[in-house]
Amino acid sequence: MSPAHHGPASEGHTCACCWEDPAREQEPPYFGWLVTELPVYPESTLLLKTHVRTRAVGVRPLIELEPTDHPLAVEQREGITAERVRAFADLLLGG
């Protein structure tokens, strides 16, 4: 690990300390909170619990919601239909 690495995620550091480290893919997932409100869902998406999985340098981290019954978590886990995506686009783009 690079000199900036100070132990596993469970010790409280963030993925920022290993952002350029090629070995970051071996890091365990980091806990996080979703801080984006997605108005296409009837329930708030703010502060849903997440797991952030680092991937290869140059590839964005993967954000996985904890498996709950929130519609966003269900759609992430089980998939989303093309019709649902079109409905989101219509809602957001005024179509």
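Here we summarise the structure given alongside this text. This one's a predicted model, so the numbers in the text were calculated from it and none came from an experiment.

Parameters and conventions
Residues numbered from 1 in each chain as written. Predicted model: local features only at pLDDT ≥ 70, side-chain atom pairs only at ≥ 80, totals over all residues. Heavy atoms only, no water. Pairing = 2+ DSSP bridges. Helix = DSSP H or I, 4+ residues; strand = E, 2+ residues; numbered from the N terminus. Axes fitted to C-alpha atoms, helices over the stretch in contact; angles between N-to-C directions. Contact = heavy atoms within 4.5 Å. Buried < 20%, exposed > 50% of the residue type's maximum accessible area, 1.4 Å probe, protein only. Polar contact = N/O pair within 3.5 Å; in protein donor to acceptor, adjacent residues only side chain to side chain. Core = buried A, V, L, I, M, F, W, Y, C linked by side-chain atoms within 4.5 Å.

Right, let's get into the sheet that holds strand S1 (residues 30–34). Taken together, three strands build an open sheet; the order of strands is S1-S2-S3 and the sheet is antiparallel. Among the strands making up the open sheet, the edge pair consists of S1 and strand S3 (62–65). Pairwise comparison of adjacent strand axes, ignoring direction, gives a mean angle of 40 degrees for this sheet. Examined bridge by bridge, strand S2 (residues 48–53) and S3 share four bridges and lie antiparallel to one another. Along S3, the bridge assignment pairs Val52 with Ile63. Seen against the sheet, helix H1 (residues 71–78) touches S1, S2 and S3 and runs at an angle of roughly 120 degrees to S3.

Of note, Leu47 is a non-glycine position whose phi angle comes to about 65 degrees, a positive value. In this fold, Leu47 is placed in the loop between S1 and S2. On the accessibility criterion, Leu47 (53% relative accessible area) is exposed.

What follows is about the environment of His70. Structurally, the position occupied by His70 is in the loop between S3 and H1. For the pair His70 and Pro42, spaced 28 residues apart in the sequence, the C-alpha separation amounts to 9.7 Å. In this view, His70 contacts Tyr41, Glu43, Ser44, Thr45 and Leu48; residues no more than four positions away in its chain are not counted. Within the local environment of His70, its side chain forms a polar contact with the backbone nitrogen of Leu72, the two atoms lying 3.0 Å apart.

Take the nonpolar core next. Among the nonpolar cores identified, the biggest contains eight residues, and these are Leu34, Val40, Tyr41, Leu48, Leu65, Leu72, Ala73 and Phe88. Excluding residues within four positions of it along the chain, Tyr41 makes contact with His70, Pro71, Leu72, Glu75, Arg84 and Phe88.

On to the pairing of S1, then. Only one face of S1 is covered, namely the face carrying Tyr30, Gly32 and Leu34; the face carrying Phe31 and Trp33 is uncovered. Here S1 runs beside S2; their pairing, made up of five bridges, is antiparallel. Considered in S2, the bridge of Trp33 is made with Lys49.

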